[in-house]
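# Working through the structure, step by step
Residue strings, one per chain:
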Amino acid sequence: MTSIQPQNNGTGPLIELRGLSKAYQEGERERVVLHSADATISRGEFVVLLGRSGSGKSTLLNLISGIDLPTAGDVVIAGTSITRLSEQQRTLFRRRHIGFIFQFFNLIPTLTVEENLLLPLELNGRVSAAERQAALSLLEQVGLGDRAQSFPDRLSGGEQQRVAIARALAHDPLLLLADEPTGNLDAETGRQVLDLLDRLTRQAGKTLMMVTHSSEVISMADRVYTIQDGRLVERLMEVAP
Amino acid sequence: MFRFILITLIALLTVAVAYAIGRPAGEQQVQATISAVESLGAGDPEGFARAFEPRPFSFPADHGPHPEFRSEWWYYTGNLETTDGRHFGYQLTIFRSALSAEPALRGSNWATNQVYMAHFALSDVATGRFSSFERISRGAQGLAGAQAEPFRVWIEDWSVEGAGPAALPMRIRADAGEVAIDLVLESDKPLVLQGDRGLSRKGPEPGNASYYYSLTRMPTTGSIRSDEDTLQVSGLSWMDREWSTSALGEDLLGWDWFALQLVDGREVMYYQLRRRDGQIDPFSSGVLVGANGTPRPLSHADVQLEVLAFWQSPHSHTRYPARWRLRIPAENLDLVITPYLADQELHVSVRYWEGAVGISNADSAAPAGSGYVELVGYDDQPSADQ
Amino acid sequence: MSRILWRSSLRHLLRHPWQIGLSILGIALGVAVVISIDLANQSAQRAFELSTETIAGRATHQITGGSAGVPEELYVQLRVEAGVRPIAPIVEGDVAAPAYPGRAFHILGVDPFAEGPFRSYLTGLEADDGGLVLLLTHPNTALLSSETAAQLGLRAGDSIEIRVGTARRSLLLAGLLHPADEISRRALESLIITDIATAQELFDTPGRLSRIDLIIPEGSAGDALLEQVRALLPAGVELERAAARSQAIEQMTRAFSLNLMALSLLALIVGIFLIYNTMTFSVIQRRTLIGTLRALGVTRREIFTLVLSEALIIGLIGTGAGLLLGIMLGRGMVRLVTQTINDLYFVLSLQELTIAPLVLLKGLLLGLGATLVAALVPAFEATSTPPRAVLTRSTIESRLRWLVPRAALGGVLLALAATVMLLVPSKSLWLGFGALWALLFGFALLTPAATVLLMRLLRPVMGRLFGVLGRMSARGVVVALSRTAIAIAALMIAVSVTVGVGIMIGSFRQTVVRWLDSSLQADVYVSPPSLVSSRSDAPLDPALVQRLSTAPGVKSASTYRGIIVNSPYGPTQLIALELDNPRRDAECDAAACHTSAFTFKEGEPQEIWPAFFEAGAAIISEPYAYRHNLHAGSRIRLGTDRGEREFSVAGVFYDYGSDQGVVMISRQTYEQLWDDRAISSLVIYAEEGVDVDALVESLRVLAGPEHDVLIRSNKALREASLEVFDRTFAITAVLRLLATLVAFVGVLSALMALQLERARELGVLRANGLTPRQVWGLVTSQTGLMGLVAGLLSIPVGIVMALVLIYIINKRSFGWTLQMELSPGILLQALLLALLAAILAGIYPAIKMARTSPALALREE
């Protein structure tokens, strides 16, 4: 499985989108969701993706994570062109190198907090004691060290999302994808979760790509993209006065 | 001949019946074990005729069956030779046993209270082969039976037939597949009535006796088939007829029986009863028949019998005497008796040793005749070296 | 695979105990039904084999034949003159023991001196009291196994009462046999061993043997011996392989066993639906979860394995429970199976169930296999779940609606294929059953389309009746089609099975009733008590026949004689018919009266009867004709006492008395070719104006107490015949019930899951002001609707199934032509059954929903 190993270890851009297009067939008509998107994202960057509902933000995330395949173009992550991988290889690539944070938290209801946390690690093989320790310390860092044995339905939304953040980081991925992580939380909790996410990813030097409506996040981002009429446009950052 | 161990025989016969019913034939799915049925048929002589006193014998009627007695046999043994001197011994015995005193009135032709058993053995001295066979059948449907006139006793196609009042000559036929005999027997001497005018007492108790007569010198000619060869043979046979109901004392372990035909024209019959205490029973006795046919009774005291050798059966591991010195000082007889074959143990439902023997003079070692010896009751006897 | 993932699966199963529990119950019931039938069949077969092995022993060949068996001189000739050995004579027969109702015994009369090489179980004879001598020397003595004696409460020296033909006899137990092992024990279970003389006396067959057993080696020596033996056989006596006879007898029950097996598989098929339903449901329920897992990087293969493993766990538990249940159920089934075999085929005494490990293994594989097959589709379905976090139900449902017409098309194709299979001119039962199952699956596939259609029709009606809520429940069925369709299909299949089997039994019964009405035309029937209801071959006492047929009030009497003869088709039941009418008068010609009792399928009566009575022709029953491809005008060969003879077939008559079929000839023809002069049964016509019941009474008095003979009026015989009929179908009825039970469980599980899953939706409705009563109404009306749909669909499907059962399966199994009889009662019953099952299934969820606070329902994700 060498093909799914990142090829540019530690150097060069992490994500390259080259002429990425995605269209869906809707009856007779073809609806273009994404049109020839190009982008380069470096390691350690915090990237925000803005856009209205249905503008194609989630589609882009799915393309980057290999869940979906583009109609045209290429996605290269750490030197690996994931569009050329098979479904099975893409799944394994995802499981190793990408962490997901969802709007609806999507913790596995039948697993405890700790098990949820360890699941991505386990999927990649046996969990070493050190890895387990690291994962549990992540749980401490999100402030839920005492809830390891609880089932998700005993946690509040904010707590669930904090577990989800820990889960996304547990297996030390190259890239974190967050799809409106605060969309289902009240403002205050949302802010806490965002702070936590920012802190943890930056601390670990991870690349974070977040889809959001919240303009609040923009201030934290290194780079902001919007999708307008199927085009990916980078919004220039205003230089602080 | 001897066989006064009537009750034993009855027991033997019923064991044989049970054995025949349950003989395991090769591998089988439905299997059960043989249960000892030795006690079957033993018991009450009530209702059966008994031998209390001498009776007039009448022929040919007495050649036929006496179904009112519990058991009866027709016993033939002989030593035969081909012209080029190949020696054979044969035995054909047909036993009759009444299962009940009175036959029940029945609606089926199969019903009977008479059971017949036959033992057929052939000793082929040249090849060293001894073969023995057994048949058991109910005395019904013509499968087995006995009749006086014309004389015939048979079990299926094994038979002895005779003509006229003396039933002579007698023709013996038995075919067991691999071996067969077809012989004609004449008689050189008159019938010998054993014991007291044919009443042979087996013990002190009245009625504990049998009716017993013999033909001791029967010139025999005919053919023998052994393996593929059919050979013409001639020689001498011996016939014993005995019937009785009585029981045998429990203290007896077995017997050694000798029928010796000497080249000087005399015959010796002697049986020795062995008791459990190791002693020889005083009822052991015999007869010496002179060349002219005159019998002289022999008592236990008249005969000295000494065992010179033993043989242990590889089949049953039973140890049998295998050579004897027999002396009758009053008759000036001193004989050494040696089996023609060591292994003449019968493999039938009852195990015993019965075989052809050669006789020589103890002094000169010169051949003195041939005969038959029967050894019964050695199974239970611990061998001497144990 | 990840341990944590397993744990997640397991917890999912545990969180839905109702759903899983019912699934397990369903599969357990399905497996139990199959296993119990299989065990019962195998036990019956094993018992039969054992009894034939016991009786045949190690015999390789048997000499049989003649109307009264083999002459005993032949045995003596073979043994003594021809020197054939080993050889053994046997006189045997079945007897009843009146003191032990339900137990039949086989008397084996042997010559103990010839037995050694043949049957070794005689060896375990108790060593006491000269039992063997008693057995040989005394009449009416017998041996029993110690075990059987203990069961009957008998000891050596006791007597056992038996009934031989019409006579009661008492046998003294001369001794007991102690079987050394399990096989011997079972072999001896129903044997009474006697001396051959005793057996001849008991069966009153002096001079005759039932058969002669031989052991003849393979190879040229054996062949030469066979030739030698054959040359000595008199006419009518045959030499055959021992196995051939028992095979021919065993063949008789094959169709019967196969039918039971196939019907039991229906229960399992319903079970498969159940597993399919459960797994599909649990996949649909977890689509979000599976989507998340896929996004987290769980591969398709892992998802597939996960779902399949879950099914396997359910299957394993269900099958395990099914095996245990099956063994318990088997104990009951074996009694029903044995009863039927005894009624229809031969005397089989079976006291216990043989638990064959192979049957259990088969059940295990069947259960797991069924589970896996059923879970395959949902497992694939699960892997196609896109790795997305949010999924809407509507996408699933729209996908299903896309599937509906395709499934319907598949259903139509499957049904067509089944039709083609049915049209193939074949006698294969498996092909018939294959087509039947294909039809059922086809109809199951058509169910979603039919449901959509019916709902479209019902919605306005429901709306008019119950307003918005009514429309809502009708709409609900269609909206949730992914789950409702399967539940409806399962219920439909199960109900149609009960409809189909019900119609078949009803039609069969009606046909038999009509046949009895037309064939039972005499007034009084006299026969010996028979061990096998479908035949009577024990003879009546000739003096008794004479006395009864000339009794006052008797106008005329006809006689029957039934024997089994050899034929190229195997053992054949032959009936000699005599129309004796000593006091014939102008009013009723007995021949005319009697012969009108026959209805011919082939041939013209006015040509048949002259040929039959005057030209020695035979008539054959429909099953006999069907089995052996015979028609009016064919020629058949039968072994007679004068050797094998040819008979022309004058006609084929309807007869539902024996599925093996019978051949009938005139008494005159019979007496020319057979030496037997016995009479098996007597048919009496009363004088004009004589009260039949009074005549029966007076004939009974005339018969006297010493004869155990059945004297029955027309009406009583008709009732007795129907009683036997009902008894033989008892097991089918039980199977029908069990399949329904499995279906009920299935529907319960499907509907319950469906409604519980709607908690959120109902919570919203409650929040919007629906009263608990209204929720209750909504839920039960929806399940009721589903029941209605299933019930409606099951009626045509059940009728089609009945058609296949009656015209294909029954014909191929037994050769009978049945008239299909549709009783509205059964159809109504089906509808009610479906409705009831569905409504009952809705009760628990309805109560639960109505009681749940809307807030709680809403909170649940």
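Just so it is clear, the model here is predicted, and its values are computed rather than measured.

## With respect to the overall build of chain C
Per the secondary structure count, chain C includes 29 helices and 21 strands. Split into buried and exposed, the 861 residues of chain C put 54% on the buried side. A separation threshold of at least 6 residues defines the contact pool for chain C, and within that pool the share at least 24 residues apart is 85%.

## A closer look at the packing of helix α11 (residues 254-285) of chain C against helix α16 (residues 429-479) of chain C
All names here are of chain C. Two elements in contact, α11 and α16, have axes separated by 11 Å at closest approach and are oriented at 20 degrees. With respect to each other, α11 and α16 are oriented roughly parallel. Taken as a pair, α11 and α16 cross one another with a handedness that is right-handed. Between α11 and α16, the contacting residues are A255, L258, A262 and I269 on the first element and L429, F433, W437 and L440 on the second.

## Observations regarding the sheet that holds strand β1 (residues 15-26) of chain A
Residues and elements named next belong to chain A. Spatially, four strands are ordered β2-β1-β4-β5 in an open sheet, and the strand pairing comes out antiparallel. The open sheet terminates on both sides in strands that have one partner only, identified here as β2 (29-41) and β5 (80-81). Taken strand by strand, helix α1 (residues 57-65) contacts β1, β2 and β4 (72-77), and its axis lies near 120 degrees from that of β1.

## Quick look at the sheet that holds strand β3 (residues 46-50) of chain A
All names here are of chain A. Reading across from one edge, β6-β7-β8-β3-β9-β10 is the order of the six strands in this open sheet, with mixed pairing throughout. At either margin of the open sheet sits one strand with a lone partner, and together these are β6 (98-101) and β10 (231-235). Strand-to-strand twist across the sheet, computed as the mean angle between neighbouring axes with direction ignored, equals 20 degrees. Here strand β9 (residues 223-228) runs beside β10; their pairing, made up of five bridges, is antiparallel. Of the residues in β10, the one forming a bridge with V224 is R235. Of the strands in this sheet, β3, β6, β7 (175-179), β8 (207-211) and β9 are in contact with α1, which crosses β7 at around 155 degrees.

## Observations concerning the pairing of strand β16 (residues 618-621) of chain C
Residue and element names in this part refer to chain C. Both faces of β16 are covered, namely the face carrying A618 and I620 and the face carrying I619 and S621. Where β16 lies against strand β18 (residues 643-653), four bridges are found, and the strand directions are parallel. When the sheet's bridge partners are listed, I620 is paired in β18 with V652. Where β16 and strand β19 (residues 662-666) come together, two bridges link them in antiparallel fashion.

## Considering helix α9 (residues 220-232) of chain C
For α9 of chain C, which comprises 13 residues, the first-to-last C-alpha distance of 19 Å matches the rise-based estimate of 18 Å (1.5 Å per residue) to within 8%. Burial analysis of α9 of chain C places just one of its 13 residues in the buried class, a small minority of the element.

## A look at the environment of E607 of chain C
Residue and element names in this part refer to chain C. Structurally, E607 is set in helix α20 (residues 605-614). Of the residues examined, E607 has 13 C-beta atoms within 10 Å and is grouped as partly exposed. Each C-alpha atom of the pair E607 and G651 lies 9.0 Å from the other, and the pair is 44 residues apart in sequence.

## Quick look at the interface of chain C and chain A
Taken together, the 20 residues of chain C in the interface contact 21 residues of chain A. Of all the secondary-structure elements, those providing two or more residues to the side of chain C that touches chain A are α1 (3-15) and α12 (287-295) of chain C. Looking at the side of chain C that touches chain A, the element that brings in the most residues is α1 of chain C, giving seven residues. Each residue belonging to the side of chain C that touches chain A can be placed in one class, and the counts come to eight nonpolar, six polar and six charged.

## Thoughts on the environment of W324 of chain B
All names here are of chain B. Here W324 is to be found in strand β19 (residues 319-328). Overall, W324 belongs to the buried group, with 21 C-beta atoms counted inside 10 Å. Here W324 is in contact with L305, E306, V307, L308 and I337, once residues within four sequence places are set aside.

## What to know about the environment of G842 of chain C
Relative to the helices and strands, G842 of chain C is located in helix α28 (residues 824-851). For the pair G842 of chain C and W776 of chain C, spaced 66 residues apart in sequence, the C-alpha separation works out to 8.6 Å.

## Details of the nonpolar core
Residue and element names in this part refer to chain C. Counting 366 residues, the largest nonpolar core has V270, I275, A490, L491, I493, A743 and V747 as the members making the most contacts within it. In terms of residue count, helix α2 (residues 17-56) provides more of this core than any other element does, 21 residues in total. Every residue in contact with A490, bar those within four places of it in the chain, is listed here: V270, F273, L274, N277, A743, G746, V747 and A750. Listed in part, the 58 residues of the second largest apolar core include V554, L579, Y626 and V709.

## Structural notes on the pairing of strand β13 (residues 229-244) of chain B
Residue and element names in this part refer to chain B. In the sheet, strand β1 (residues 71-81) pairs with β13 via 11 bridges, with the strands oriented antiparallel. Bridged to W73 within β13 is E242. Across 15 bridges, the pairing between strand β12 (residues 209-226) and β13 is antiparallel. Residue pairing across strands places Y211 opposite W243, the latter belonging to β13. In textbook terms, the turn of a hairpin is the stretch between consecutive antiparallel strands, and for β12 and β13 this stretch comprises two residues, one of which, D227, has a positive phi near 55 degrees.

## Quick word on the packing of helix α13 (residues 300-344) of chain C against helix α24 (residues 714-728) of chain C
Residue and element names in this part refer to chain C. At a minimum axis distance of 9 Å, the contact between α13 and α24 shows a crossing angle of 140 degrees. By the criterion of interaxial angle, the relationship of α13 to α24 is oblique. In this structure, α13 meets α24 at a crossing whose hand is left-handed. Where α13 abuts α24, its residues Q339, T340, D343 and L344 lie against V724, R727 and T728. Grouping the amino acids of the contact of α13 with α24 by side-chain chemistry returns two nonpolar, three polar and two charged.

## Side note on α2 of chain C
For α2 of chain C, built from 40 residues, the straight-helix expectation of 58 Å at 1.5 Å per residue is met to within 8% by its first-to-last C-alpha distance of 55 Å. With 32 of its 40 residues buried, α2 of chain C lies for the most part within the structure.

## Overview of unusual backbone geometry
The omega torsion of the bond from F59 of chain B to P60 of chain B falls at 10 degrees, within 30 degrees of zero and hence cis. Mapped onto the secondary structure, P60 of chain B falls in the loop between α1 (6-22) and β1. In this structure, A78 of chain A takes a positive phi of about 50 degrees despite not being glycine. Tracing the chain through its elements places A78 of chain A in the loop between β4 and β5. The phi dihedral of Q141 of chain B falls on the positive side, at around 60 degrees, and the residue is not glycine. For Q141 of chain B, the position within the fold is in the loop between β4 (129-138) and β5 (144-147).

## Notes on the confidence of the model for chain C
The predicted model of chain C has a mean per-residue pLDDT of 82, with 92% of residues at 70 or higher. Within chain C, the element-level pLDDT minimum falls on helix α19 (residues 590-595) of chain C, averaging 54, and the maximum on β16 of chain C, averaging 94.

Rules of the game
Residues numbered from 1 in each chain as written. Chains lettered and ligands numbered in written order. Predicted model: local features only at pLDDT ≥ 70, side-chain atom pairs only at ≥ 80, totals over all residues. Helix = DSSP H or I, 4+ residues; strand = E, 2+ residues; numbered from the N terminus. Buried ≥ 20, exposed ≤ 12 C-beta atoms within 10 Å, placed from the backbone. Contact = placed C-beta atoms within 7 Å. Axes fitted to C-alpha atoms, helices over the stretch in contact; angles between N-to-C directions. Parallel < 35°, antiparallel > 145°, perpendicular 65-115°, else oblique. Left-handed = near helix turned anticlockwise from the far one by under 90°. Pairing = 2+ DSSP bridges. Expected span 1.5 Å × (residues − 1). Nonpolar A, V, L, I, M, F, W, Y, C, P; charged D, E, K, R; others polar. Core = buried A, V, L, I, M, F, W, Y, C linked by C-beta atoms within 7 Å. pLDDT = per-residue confidence, 0-100.

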